[in-house]
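# Residue-level structure breakdown
Take a look at the letters that make up each chain.
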Amino acid sequence: MPTIINLIICWKGTIKKIKPSELCSFFDYLGYCFCFVGYWTGPFYNFRTYNNMLQSKTLIRSSKLALKHMAPMLILLPLHVLQGIYNPLDYTMTDEFLQKSFSYKFFYQLAGFWTFKVKFYGGWIIAEAICIACNLGTVEKEDGTVDYSSIINIDIYNTEVGWELSHCVRSWNKSVQRWMKTYVYDTTSLPKSVRTDFVFALSAFWHGVRPGYYLCFLSAPPMIKFQQKVGNLTRKARAASHTTEMVYRVFMWLFCETDVSYVSNSLLHSGA
């Protein structure tokens, strides 16, 4: 499904962002869409980044940098294995689980949501390391350091500590968020009040047609708007008191984690 959407939609979107002298043939674009790095691993990158990798005459020795980038896997992999043993998703569909107390089910789903995130954290970190090893999106600076920010797809810290869903969304699957904003949100003729809803609906369609995808993704826009409304109403009080600001952030973080972990069950049971 993503590849079909790339071929139909990204062709126009990508061409709009490059100079006439840089226009590619359709076969060049097929190579871009089906390049191993993007097709099998992600993250999304534009045609210019892909073309620079092919045309570059400078090879950056980045194998050590790629291995260093994978260091978090030393923690994420054991966590994923342990959570698969002690926090299996299938258990939530059993009669025994339904007989458990509310608090047990509440914290079990929170742990299950973390299991879900860890899987993607690991996958994206490996994908980023592959990009670095292939010199895709890597730029050597004058001081000898290598910048690869263009292919960074996940910001684990801000995803975990963000107290607003909109902030967490921008830190999760970052390259696709940029794509959605550039080629969908900014280009659609829909009113701004419903653009976010449209983007999340397209995200659900991108994943598939199972109802769980739409239940999960379409629950995000109301929550984002609710948090924005509460933030606007409490802005003066929070500006006047640091304690109030801290209490607000903690409350919103708990609200965000609880809500997202709950609705994400529909995504998990849809096979994501």
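A brief report on the enclosed structure follows. (Residues numbered from 1 in each chain as written. Predicted model: local features only at pLDDT ≥ 70, side-chain atom pairs only at ≥ 80, totals over all residues. Heavy atoms only, no water.)

It is worth spelling out a nonpolar patch on the surface at this point. Residues Leu77, Val81, Leu82, Ile85 and Tyr86 make up a contiguous nonpolar surface patch of about 540 Å² in total accessible area. Note on placement: leucine 82 falls in helix 6 (residues 73-86). (Patch = residues over 30% accessible without salt bridge, like charges linked within 9 Å, V, L, I, M, F, W, Y side chains within 5 Å. Areas by Shrake-Rupley, 256 points an atom, 1.4 Å probe, with all protein chains shown as cover. Salt bridge = Lys/Arg side-chain N within 4 Å of Asp/Glu carboxyl O. Helix = DSSP H or I, 4+ residues; strand = E, 2+ residues; numbered from the N terminus.)

Enumeration according to the criterion identifies 6 salt bridges in this entry. Note that aspartate 186 is salt-bridged to lysine 181, the shortest N-O span being 3.2 Å. Among the ionic pairs, arginine 249 bridges to glutamate 245, the shortest N-O distance being 2.7 Å. With arginine 249 and glutamate 245 both in helix 16 (residues 242-268) and 4 residues apart, this pair spans about one turn of that helix. Under the relative-accessibility criterion, arginine 249 is labelled partly exposed at 29%. Members of the salt-bridge network, linked through shared partners, are Lys117, Glu160 and Glu257. (Buried < 20%, exposed > 50% of the residue type's maximum accessible area, 1.4 Å probe, protein only.)

Now for unusual backbone geometry. Although it is not a glycine, asparagine 135 adopts a positive phi angle of roughly 65°. By the element assignment, asparagine 135 lies in the loop between helix 8 (102-133) and strand 1 (139-140). Residue asparagine 173 is not a glycine yet carries a positive backbone phi of 50°. For asparagine 173, the location among the structural elements is in the loop between helix 10 (165-171) and helix 11 (174-185).

On to helix 11. Structurally, the α-helix is built with 3.6 residues per turn, so residues lying three or four positions apart point the same way. Listed in full, the buried residues belonging to helix 11 are Ser175, Trp179, Met180, Tyr183 and Val184. The buried side chains of helix 11 occupy one side of the element, clustering within an arc of 135° when seen end-on. (Arc of directions from axis to C-beta.)

Right, let's get into the environment of isoleucine 125. Here isoleucine 125 is to be found in helix 8. Exposure remark for isoleucine 125: the relative accessible area of 4% places this residue in the buried category. Measuring from C-alpha to C-alpha, the distance between isoleucine 125 and aspartate 155 comes to 9.9 Å, with 30 residues separating the pair along the chain.

At their nearest, the axes of helix 14 (residues 220-233) and helix 16 sit 12 Å apart, and the two run at 170° to each other. When the axis of helix 14 is compared with that of helix 16, the two are roughly antiparallel. Residues Met223, Phe226, Gln227, Val230 and Gly231 of helix 14 touch helix 16, and the partners they reach there are Tyr248, Met252, Phe255, Cys256, Asp259 and Val260. Taken together, the residues that form the contact of helix 14 with helix 16 break down as 8 nonpolar, 2 polar and 1 charged. (Axes fitted to C-alpha atoms, helices over the stretch in contact; angles between N-to-C directions. Parallel < 35°, antiparallel > 145°, perpendicular 65-115°, else oblique. Contact = heavy atoms within 4.5 Å. Nonpolar A, V, L, I, M, F, W, Y, C, P; charged D, E, K, R; others polar.)

This part is about helix 12 (residues 192-207). Under the 1.5 Å per step criterion, the end-to-end length of helix 12 is 24 Å for 16 residues, consistent within 8% with the ideal 22 Å. If you check which residues of helix 12 are buried, you get Arg195, Val199, Phe200, Leu202, Ser203, Ala204 and Trp206. A positive backbone phi angle near 155° is found at glycine 208, which sits one or two residues after helix 12. (Expected span 1.5 Å × (residues − 1).)

Mapped onto the elements of the fold, threonine 159 is located in helix 9 (residues 156-161). Overall, the relative accessible area of 6% leaves threonine 159 in the buried class. Among the polar contacts listed, one links the side chain of threonine 159 to the backbone oxygen of serine 171, at a separation of 3.4 Å. (Polar contact = N/O pair within 3.5 Å; in protein donor to acceptor, adjacent residues only side chain to side chain.)

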